[in-house]
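As a plain string of letters, each chain reads:
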Amino acid sequence: MEFPGLDGNVFRMASLQGQPVLLNFWATWCPPCIEELPLLSSFHQENSANGWQVLGLAVDQLEPVKRFLARSPVTFPVALAGLPGVELGKSLGNVSGGLPFTVVFGADGRVAHRKIGKVSSTNLLDWAALK
């Protein structure tokens, strides 16, 4: 699966194979999404050396995402999922299409956790123990 990156390059999900991944669906118009981004940035900074990958998929339009990230940058890559991101989220268990939605994959590629709604620091601590 591929998504356009904000820099014009294509982000390929296959590049994350073999590593634990936290995949976060968010949007600039979603207050809980915005509130959790600093936690996700901290998680990425603290756990990337242990092989963790974090990817934000913006279910949004390019210009609002670029403007938002210019004001409030994050430490992890963000790709633009747009409306197809809703369908991807549904295929991963988010049948309501609610945001934020986070999926944690183990290094084996299997879904280890799903969370609809804002993540907490406790969630992230629990998930960091996965490999």
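See the structure shown above.
All figures in this text were calculated on a predicted structure; none of them were measured in a lab. (Residues numbered from 1 in each chain as written. Predicted model: local features only at pLDDT ≥ 70, side-chain atom pairs only at ≥ 80, totals over all residues. Heavy atoms only, no water.)

Give me the lowdown on the sheet that holds strand 3 (residues 21–26), citing residues and values where you can.
Taken together, five strands build an open sheet; the order of strands is 5-4-3-6-7 and the sheet is mixed. Every other strand in the sheet has two partners, leaving strand 5 (78–80) and strand 7 (111–116) as the edge strands with one partner each. Here the strands of the sheet are splayed against their neighbours by 20 degrees on average, with no regard to which way each runs. Strand direction decides the pairing type here: strand 3 and strand 4 (residues 53–58), joined by six bridges, are parallel. Considered in strand 4, the bridge of phenylalanine 25 is made with leucine 57. In this fold helix 1 (residues 31–47) packs onto strand 3, strand 4 and strand 6 (101–105), with an angle of close to 160 degrees to the strand it touches most, strand 3. Each of strand 3, strand 6 and strand 7 is contacted by helix 4 (residues 121–128), which is oriented at about 175 degrees to strand 7, the strand it contacts most. (Pairing = 2+ DSSP bridges. Helix = DSSP H or I, 4+ residues; strand = E, 2+ residues; numbered from the N terminus. Axes fitted to C-alpha atoms, helices over the stretch in contact; angles between N-to-C directions. Contact = heavy atoms within 4.5 Å.)

Would you mind going over the packing of aromatic side chains in detail, with residue names and values included?
The description of two aromatic rings rests on the distance between their centres and on the angle between their planes. Under the defined criterion, the tally for this structure stands at three aromatic pairs. Geometrically, the ring pair formed by tryptophan 26 and phenylalanine 68 is tilted, given 5.7 Å between the ring centres and 55 degrees between the ring planes. Here the residue tryptophan 26 occupies a position in strand 3, and phenylalanine 68 occupies one in helix 2 (residues 62–71), the gap between them amounting to 42 residues. You can call tryptophan 26 buried: its relative accessible area is 1%. We classify phenylalanine 68 as buried; its relative accessible area is 8%. (Phe/Tyr/Trp six-rings, centres within 6.5 Å; stacked < 30°, edge-to-face > 60°. Buried < 20%, exposed > 50% of the residue type's maximum accessible area, 1.4 Å probe, protein only.)

Could you give me a rundown of the side chain of asparagine 123, with the residues and numbers involved?
Secondary-structure assignment places asparagine 123 in helix 4. By relative accessible area, which is 17% here, asparagine 123 ends up buried. A distance of 2.8 Å separates the side chain of asparagine 123 from the backbone nitrogen of serine 120, its partner in a polar contact. For asparagine 123, the contacting residues outside a window of four places in its chain are Lys115 and Lys118. (Polar contact = N/O pair within 3.5 Å; in protein donor to acceptor, adjacent residues only side chain to side chain.)

Describe the state of the cysteines, naming the residues involved and giving the relevant values.
For the coordinates displayed, the defined rule picks out one disulfide. Cysteine 30 shares a disulfide with cysteine 33; S-S distance 2.3 Å. As the torsion about the S-S bond is roughly 75 degrees, the cysteine 30-cysteine 33 disulfide counts as right-handed. Across the pair, exposure class does not vary: cysteine 30 and cysteine 33 are buried alike. (Disulfide = S-S within 2.5 Å.)

Could you give me a rundown of the environment of glycine 51, with the residues and numbers involved?
Relative to the elements of secondary structure, glycine 51 occurs in the loop between helix 1 and strand 4. Through-space distance from the C-alpha of glycine 51 to that of valine 21 is 8.7 Å; in sequence the pair is 30 residues apart. Excluding residues that lie within four positions of it along the chain, glycine 51 makes contacts with Gln19 and Pro20.

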